[in-house]
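Chain and residue survey
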Amino acid sequence: MTITIGLPSKGRMKEDSSAILARAGFSVVAVGNDRSYRGRVEGRDDIEIAFLSASEISREIANGTVDFGVTGEDLVREELAEADARVEFCARLGFGHADVVVAVPEIWLDVDTMADLGDVAADFRARHGRRLTIATKYWRLTQQFFSGNHGIQLYRIVESLGATEGAPASGSADIIVDITSTGSTLVANHLKILSDGVILKSEACLVRARKPEHEGNPVVAEIIDAVRGAL
Ligand SMILES: Nc1ncnc2c1ncn2[C@@H]1O[C@H](COP(=O)(O)OP(=O)(O)OP(=O)(O)O)[C@@H](O)[C@H]1O
Ligand SMILES: O=P(O)(O)OC[C@H]1O[C@H](OP(=O)(O)OP(=O)(O)O)[C@H](O)[C@@H]1O
């Protein structure tokens, strides 16, 4: 059985992902030309590389078309319900750090916690004639956090595919759920993170799709051990 590893072919995780595999002793080379989406590991016929974007990798791990992938924990947990049952987070790789957070306008002086936000959401329709709206591309994480963890049910998610932090100022949503790393985009948009509003502290991970055929497969164990040993 050939083991397939999904590696970011572009974007912010590309260089670090290839570097960690190289340190683990797997030297990745493209098959064909530089623009090829397939690769291989020098000297290994039992490992294939699929070059994909970080978000595609989380999708392919979810549907089992790759065995392993290097991608952000946020993308995997957003893609998959019950992520821990379906995948194994084998190693946290120390790059691609980003926090998924709940942020509200700085001028909401009385709102500092999720409990405060729950009060706002409960009153929102009476005050404004509509539900509190949240701009995000993290639908699943937002619903789990608001409804599951905090019992907040009265809100509406509006999908945002870019410039999420601009939504409150433009009027397309009241608050946001998005990732932040330095925090400067939030500051520039006059938003503040709630004190208990960190949904997930994400970073790049080596992730394995849990498949029965991995049991006892020495190559699977070798990849996990080698990457852990390279950290
Ligand atoms: N400042 C940041 N902004 C966005 N993502 C970041 C940031 N820092 C780390 N990340 C992480 O990088 C990953 C997203 O990487 P990237 O944007 O390259 O992938 P992608 O979403 O697949 O790309 P694309 O949007 O081009 O398809 C996520 O796991 C995210 O948490
Ligand atoms: O906390 P900060 O360091 O300001 O980073 C956070 C911002 O960076 C990302 O956007 P980016 O402009 O990288 O584009 P993307 O959404 O297409 O990844 C992300 O969506 C946030 O908007």
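Residues numbered from 1 in each chain as written. Chains lettered and ligands numbered in written order. Predicted model: local features only at pLDDT ≥ 70, side-chain atom pairs only at ≥ 80, totals over all residues. Heavy atoms only, no water.

Let's talk about the overall build of the chain
Helices and strands together make up the secondary structure of the chain, namely nine helices and twelve strands. Along the three orthogonal principal directions, the C-alpha set of the chain runs to about 65 × 35 × 25 Å. Counting across all 231 residues of the chain, residues that qualify as buried make up 48%. Of the roughly 11,500 Å² that the chain leaves accessible, carbon and sulfur atoms contribute 48%. The chain carries 25 positive and 34 negative side-chain charges, and their two centres are separated by 3 Å. (Helix = DSSP H or I, 4+ residues; strand = E, 2+ residues; numbered from the N terminus. Buried < 20%, exposed > 50% of the residue type's maximum accessible area, 1.4 Å probe, protein only. Areas by Shrake-Rupley, 256 points an atom, 1.4 Å probe, with all protein chains shown as cover. Lys, Arg positive; Asp, Glu negative; His and termini not counted. Charge placed at Lys NZ, Arg CZ, Asp CG, Glu CD.)

A word on the site of ligand 2
In the vicinity of ligand 2, the contacting residues are Arg12, Glu165, Asp178, Ile179, Thr180, Ser181, Thr182, Gly183, Ser184 and Thr185. Here an oxygen atom of ligand 2 and a side-chain polar atom of Glu165 are 2.7 Å apart. Ser181 places a main-chain nitrogen or oxygen 2.8 Å from an oxygen atom of ligand 2. Protein chains bury 60% of the 490 Å² of accessible surface belonging to ligand 2 in isolation. Taken together, the elements giving at least two residues each to the shell around ligand 2 come down to β10 (175–180) and α8 (184–188). With three residues, β10 is the largest single contributor of residues to the shell around ligand 2. (Near = heavy atom within 4 Å. Polar contact = N/O pair within 3.5 Å; in protein donor to acceptor, adjacent residues only side chain to side chain.)

A short note on the nonpolar core
Core analysis: the largest hydrophobic core is formed by 28 residues, its most contacted members being Phe26, Phe68, Leu93, Leu206 and Ile223. Elements with a minimum of two residues in this core: β1 (3–8), α1 (14–23), β4 (44–52), β5 (68–72), β6 (87–92), β12 (204–209) and α9 (218–229). If sequence neighbours within four positions are ignored, Phe26 has contacts with Leu21, Val41, Arg44, Ile47, Glu222, Ile223 and Ala226. Within the second largest apolar cluster, 23 residues are counted, among which are Val111, Tyr138, Ile157 and Ile199. (Core = buried A, V, L, I, M, F, W, Y, C linked by side-chain atoms within 4.5 Å. Contact = heavy atoms within 4.5 Å.)

A word on the UniProt feature "domain: ATP phosphoribosyltransferase catalytic" (unreviewed entry) in the chain
Using the residue numbers shown here, the UniProt feature "domain: ATP phosphoribosyltransferase catalytic" (unreviewed entry) corresponds to residues 54–228. In residues 54–228, helix accounts for 38% and strand for 30%; the two terminal C-alpha atoms are 20 Å from one another. (UniProt positions renumbered as here; feature names shortened; annotations may be inferred.)

A few points about the site of ligand 1
Taken together, 15 residues sit near ligand 1, with Lys10, Arg12, Ser55, Asp74 and Ser181 positioned nearest. Contact distances for ligand 1 include 3.0 Å between an oxygen atom and a side-chain N or O atom of Arg12. Within the side chain of Ser53, a nitrogen or oxygen atom sits 3.4 Å from an oxygen atom of ligand 1. For ligand 1, whose unbound accessible area comes to 630 Å², protein coverage reaches 71%. Here the residues of the shell around ligand 1 are counted per class, giving five nonpolar, seven polar and three charged. Two domains each provide a minimum of three residues to the shell around ligand 1, namely domain 1 (3–97 + 203–229) and domain 2 (98–202). (Nonpolar A, V, L, I, M, F, W, Y, C, P; charged D, E, K, R; others polar. Domains from an automatic or database assignment.)

Describing helix α2 (residues 54–62)
Every buried residue of α2 is accounted for by Ala54, Ile57, Ser58, Ile61 and Ala62. One side of α2 carries all its buried residues, which in axial view fall inside an arc of 135 degrees. Among the residues trailing α2, Gly64 stands out with phi positive, at a value near 80 degrees. (Arc of directions from axis to C-beta.)

Here's the deal with the packing of aromatic side chains
Across all of its chains, the model carries two aromatic pairs by this definition. Residues Phe145 and Phe146 carry aromatic rings whose centres are separated by 6.4 Å and whose planes lie at 70 degrees to one another, so their mutual orientation is edge-to-face. Here Phe145 falls in the buried class, since its relative accessible area comes to 8%. Take Phe146: its relative accessible area is 0%, and that puts it in the buried class. (Phe/Tyr/Trp six-rings, centres within 6.5 Å; stacked < 30°, edge-to-face > 60°.)

Re the pattern of salt bridges
In total, this model carries 13 salt bridges according to the counting rule given. Between Asp46 and Arg44 there is a salt bridge, with its nearest N and O atoms 2.9 Å apart. A relative accessible area of 24% means that Asp46 is categorised as partly exposed. The salt bridge partner of Lys211 is Asp67, with a shortest N-O separation of 3.0 Å. Here Lys211, found in the loop between β12 and α9, pairs with Asp67, found in the loop between α2 and β5; they are 144 residues apart in sequence, far enough to count as distant. Here Lys211 and Asp67 have matching classes, each one buried. Here the salt bridges share partners, and the residues they tie into one network are Glu73, Arg77, Asp84, Arg92 and Glu203. (Salt bridge = Lys/Arg side-chain N within 4 Å of Asp/Glu carboxyl O.)

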